Amino acid sequence: MFVKVCGLATTADIDVAIEAGADAIGLVISERSVRGLARDQAARLAAHVTTGATGVTSVLVVNDMPAAEAAGFARDIGIGALQLHGPAYGEEDFAEAFALFPHLWRATSLKDRPDTRVGAYREEVLLLDSPEAGSGARWDLSLLDTARPEGSWLLAGGLTPGNVAEAIRQARPWGVDVSSGVESAPGVKDPELIRSFVTAAKTAGARAAR
């Protein structure tokens, strides 16, 4: 089970997530998010991931930056992947980003009636989120009964250490993504919650694979 811990803002939180066994670290640049970083912060944290853990992917998450600008920045700071998040980014945006930086992730909600084929916009990973991204709100996973992707896709939205195992059992994703579900306050990560979440997700993933 692939696990991404998103919205990290300190090197200490990154170290906790990596030590817990996370596969990807999400760094957010957004004027609309309490977890938004300045560009210099994102660059410094991306470098910390690169030097601190072989095999862990740093992911730059944007929702209000032009796709080509985000791709150029992702390339310049040596990020592992660029996640274009939300309905503002269409197929043309992904094409523009791909020309500059090919390691793209696409994040969307079933509310927007997206193409749920992984790779439809040339992305490497597809993420399905709550209609209220970043809110910590759970959503109706039964909607996946008629729209479940195949391949490298992440389930996000309202996941916590307490419910991630059941969500994995129901949705059968390739991976999961968490942000607010491992926080003690908006934007403040809790080390014990991070550890508990990664352990619960990995254990549930191993059980589902049997």
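Presented here is a report on the structure given in the accompanying data block. Quick caveat, the model's predicted, so the values are computed rather than measured.

1. Things to note about the overall build of the protein
When helices and strands are counted, the protein shows six helices and ten strands. Counting only C-alpha atoms and orienting by the principal axes, one finds that the protein spans roughly 40 × 40 × 30 Å. Sorting the 210 residues of the protein into buried and exposed places 49% on the buried side. When contacts within the protein are restricted to residue pairs at least 6 apart in sequence, those whose partners lie at least 24 apart make up 52%. Separation of charge centres in the protein, based on 20 positive and 27 negative side chains, amounts to 5 Å.

2. Details of the pairing of strand S4 (residues 81-85)
Most of S4 sits inside the fold, with five of its five residues counted as buried. The alternating pattern of S4 places Ala81, Gln83 and His85 and Leu82 and Leu84 on opposite faces, both of which are buried. Across four bridges, the pairing between strand S3 (residues 57-62) and S4 is parallel. Its bridge partner lying in S4, Val62 is registered against Leu84. The parallel pair S3 and S4 is bridged by helix H3 (residues 67-77), and the resulting crossover is right-handed. Direction of pairing for S4 relative to strand S5 (residues 104-109): parallel, over a ladder of four bridges. Opposite Gln83, over in S5, you have Trp105 as the bridge partner.

3. Describing the nonpolar core
If you look at soluble globular proteins, the nonpolar side chains tend to sit buried side by side. Formed by 57 residues in total, the largest nonpolar core has its most connected members in Ile25, Leu82 and Leu155. Those residues in contact with Ile25 that lie beyond four places of it in its chain are Val5, Leu8, Ile14, Ala17, Ile18, Val49, Val56, Thr57, Ser58 and Val59. Within the second largest apolar cluster, 13 residues are counted, among which are Phe2, Val28, Ala81 and Trp105.

4. Describing the side chain of Ser30
As for its placement among the helices and strands, Ser30 is situated in the loop between strand S2 (24-29) and helix H2 (39-52). For Ser30, the side chain forms a polar contact with the side chain of Asn63, separated by 2.8 Å. Those residues in contact with Ser30 that lie beyond four places of it in its chain are Gly36, Asn63 and Asp64.

5. Concerning the sheet that holds S3
If you trace the eight strands once around the closed barrel, you get S1-S2-S3-S4-S5-S6-S7-S8, paired in parallel fashion. Across the sheet, the axes of successive neighbouring strands diverge by a mean angle of 25°, strand direction being ignored. Pairing between strand S6 (residues 125-129) and strand S7 (residues 153-155): three bridges, direction parallel. Bridging from a neighbouring strand, Leu128 pairs with Leu155 of S7. Along the sheet, helix H6 (residues 191-209) makes contact with strand S1 (2-5) and strand S8 (175-178), crossing S1 at roughly 160°.

6. Concerning the environment of Asp64
Mapped onto the elements, Asp64 comes out in the loop between S3 and H3. Asp64 sits 48 residues away from Val16 along the chain, and the two C-alpha atoms are 28 Å apart.

7. A word on the packing of aromatic side chains
Summed over the entire model, instances satisfying the criterion amount to three aromatic pairs. Judged by centre distance (6.2 Å) and plane angle (65°), the rings of Phe2 and Trp105 are edge-to-face. Placement of the pair is Phe2 in strand S1 and Trp105 in strand S5, with a sequence separation of 103 residues. A single burial state applies to Phe2 and to Trp105, both of which are buried. Ring geometry for Phe2 and Trp174: centres 4.6 Å apart, planes at 20°, overall stacked. Linking Phe2 in strand S1 with Trp174 in the loop between helix H5 (164-171) and S8, this pair joins segments that are 172 residues apart in sequence.

About the cut-offs
Residues numbered from 1 in each chain as written. Predicted model: local features only at pLDDT ≥ 70, side-chain atom pairs only at ≥ 80, totals over all residues. Heavy atoms only, no water. Helix = DSSP H or I, 4+ residues; strand = E, 2+ residues; numbered from the N terminus. Buried < 20%, exposed > 50% of the residue type's maximum accessible area, 1.4 Å probe, protein only. Contact = heavy atoms within 4.5 Å. Lys, Arg positive; Asp, Glu negative; His and termini not counted. Charge placed at Lys NZ, Arg CZ, Asp CG, Glu CD. Pairing = 2+ DSSP bridges. Right-handed = clockwise from strand over helix to strand, strands pointing away. Core = buried A, V, L, I, M, F, W, Y, C linked by side-chain atoms within 4.5 Å. Polar contact = N/O pair within 3.5 Å; in protein donor to acceptor, adjacent residues only side chain to side chain. Axes fitted to C-alpha atoms, helices over the stretch in contact; angles between N-to-C directions. Phe/Tyr/Trp six-rings, centres within 6.5 Å; stacked < 30°, edge-to-face > 60°.

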